[in-house]
Amino acid sequence: MLKTLGRRWREKLDFGLFTLPVLICIAVAFYIPFVMTIRYSMTKWNGISKHPKFVGLDNFQQIFTGDSNFANSAWFTIKYAILYIVIVNVLAILLAVLLDMKLKSTSWLRAAFFIPYILSLVIVGFIWKFIFMQGFNSLGESTGWSFFGLSWLGTPGLAFISILGVSIWQSIGFYLVIYIAGLQSVPDDLKEAATVDGAGAMRRFFSITLPLLAPSITISVFMALTNSIKVFDVILSLTGGGPGGTTYSIAYDIYRDTFQNNLYGYGTAKALILFLAVLVVTIIQLTVFKRREVEA
Amino acid sequence: MKTNNTKAGRIILEVILVILSLLFLYPLFLTIINSLKSFSEVMTDVIALPQHLALSNYSYVWKFINYPRLFLNNFIITGLGLLGIVFISSIAAYKLARTKSRLSGIIYFLCIMPMLIPFQSIMLTVLQTAKNLNLSESTWGLGLLYWGFGAPLAVFIYHGFVKGIPTEIDESATIDGASSFRLFFSVIFPLLKSVTTTIVIIDVMWIWNDFLLPLLMVNGSPDTKTLTLAAYTFVGQYTSDWQYAMTAMVMAVLPSIIVFIFLQKYIVKGVVAGAVKG
């Protein structure tokens, strides 16, 4: 009796010793800051005064009614996220299908497309800034193409395309690797059987390969979504939000309000909206894709 | 006839793909050659090869940003972060996967739920929490902070893996008289080697290159900066001296590329395993 009681206490003690460290660390990194964010989002605070002034939901009201920066950056982020998710996944699938064939240079090719992914996004932004500002001049002179003469960071529409292109350049290797892994689990005999039945390459791709890639697509779209909604680093170093503030993303807008304009309460209110948006979009995306996957 | 056709087609395709990959890496090539040029050479022609190797760019940037110091900082932050993430996440995930109770389920949920919280949503308050705990403005403090940020994904991946390890292994070790710590470290942890590799790879790439958290935490003093952070401030000061900027880029990026070349196979495998699990 006493022995079993002792053992149960031992188990409880063990459970605590194994799980408490992680709980404390996660609380410090996420839960405490998150609760503080909720509290600050209802205050007016410049970060200096000792007592933030409680204003209720005023911040939120102001964000949704009278803040064109927020509306613009939200629109920028939505446009960017949709285009990024579609383009990076389509390109990565196409490239993965090509690289899945047995070529002599396969390992070189995979490594080459993956290399930008191991670089920090801030540095990638600077490298491309240099290429857009200096490199394109030289390339334009030696090729004579007017394409290189355009102001890729200086006109709003083109700056958007530049940010999108650079992000895709940096991360396509990651998605490529996921899709190659997915393709390798597609059984060869299915494709062979389809060939015998007279299906062409296109038909085989759309009727066999693509449906069987569904799990990889779910993962990749999920990753692309969560990453693109938080786009920040590359914009900071590539355009700095310019020209004329046309390339601010939500994450950048929050950063600017909080740390540059010292609107601590207002900035955290925006941050909370970003969290809710991410939560809702992720839940929808996961349910929709999981459902489709089961059917396939 | 037909096989000849497909063979020729393959060779053409291969050549096209190799050219495409070289074009893809051309920006990096431009970065390297321009880091070896003088200012006037960069200004006259970016795509030409350097006429005289301006290695002085490297010694200048090396001294100016105190490269050895930054490298050490990155090393401490990444190393400390990894040790902690692996340790606290593996023990917790193991216990959570082995305990079937409501409390265990709730704790597991609390552990992985933060994966949905974007860092920008909490960046100000993280900074304040860190200040209250005396963790800001120090490399060690930053390393410690990564424990919590890295734990959710690591717990998730470890948890999935532990479920695949038969409980008979635990039972036989317990019968042999091993305490639960002993059991974990001499029996279970070695079995987790492949997942640990995955987690280490994902987290090294992330912590080594991370920007926003170091910017908020250790940007105050040149002694605590990281490589990426120093490259960022350096370029900010030298926007027109592109030769130095490119040199700083190469020096910030070189360690990652060298590691990648040696561990390529494991890195790609680790990323795939991590993404499929995550």
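Scoring rules and cut-offs
- Residues numbered from 1 in each chain as written.
- Chains lettered and ligands numbered in written order.
- Predicted model: local features only at pLDDT ≥ 70, side-chain atom pairs only at ≥ 80, totals over all residues.
- Heavy atoms only, no water.
- UniProt positions renumbered as here; feature names shortened; annotations may be inferred.
- Helix = DSSP H or I, 4+ residues; strand = E, 2+ residues; numbered from the N terminus.
- Contact = heavy atoms within 4.5 Å.
- Buried area = accessible area lost by both parts, 1.4 Å probe.
- Salt bridge = Lys/Arg side-chain N within 4 Å of Asp/Glu carboxyl O.
- Polar contact = N/O pair within 3.5 Å; in protein donor to acceptor, adjacent residues only side chain to side chain.

Taking an unreviewed UniProt entry as the reference, chain B is identified by name as Carbohydrate ABC transporter permease belonging to Paenibacillus sonchi. Quoted verbatim from the Subcellular location (unreviewed entry) field of the UniProt record, the comment on chain B reads "Cell membrane". Recorded under Sequence similarities (unreviewed entry), the UniProt text for chain B is reproduced unchanged: "Belongs to the binding-protein-dependent transport system permease family."

The name that an unreviewed UniProt entry assigns to chain A is Sugar ABC transporter permease, with the source organism given as Paenibacillus sonchi. Per its UniProt entry, chain A bears the Subcellular location (unreviewed entry) comment "Cell membrane". Recorded in UniProt for chain A, the comment headed Sequence similarities (unreviewed entry) runs: "Belongs to the binding-protein-dependent transport system permease family."

Quick look at the environment of Trp206(B) now. Residue and element names in this part refer to chain B. Looking at the secondary structure, you find tryptophan 206 in helix 10 (residues 193-209). Placed 56 residues apart in sequence, tryptophan 206 and glycine 150 show a C-alpha to C-alpha distance of 9.4 Å. With near-sequence residues (within four places) excluded, tryptophan 206 lies in contact with Ile85, Tyr146, Phe149 and Gly150.

Here we take up the interface of chain B and chain A. Each side of the interface is counted separately: chain B has 86 residues, and chain A has 81 residues. Surface buried jointly by chain B and chain A totals about 7,700 Å² across both partners, of which 82% is contributed by carbon and sulfur atoms. Remark: the boundary between chain B and chain A carries 1 salt bridge. At the junction of chain B with chain A, the criterion picks out 16 residue pairs in polar contact (both at pLDDT 80 or more). Per element, the largest residue contribution to the side of chain B that touches chain A is 16 residues, and it comes from helix 1 (residues 2-35) of chain B.

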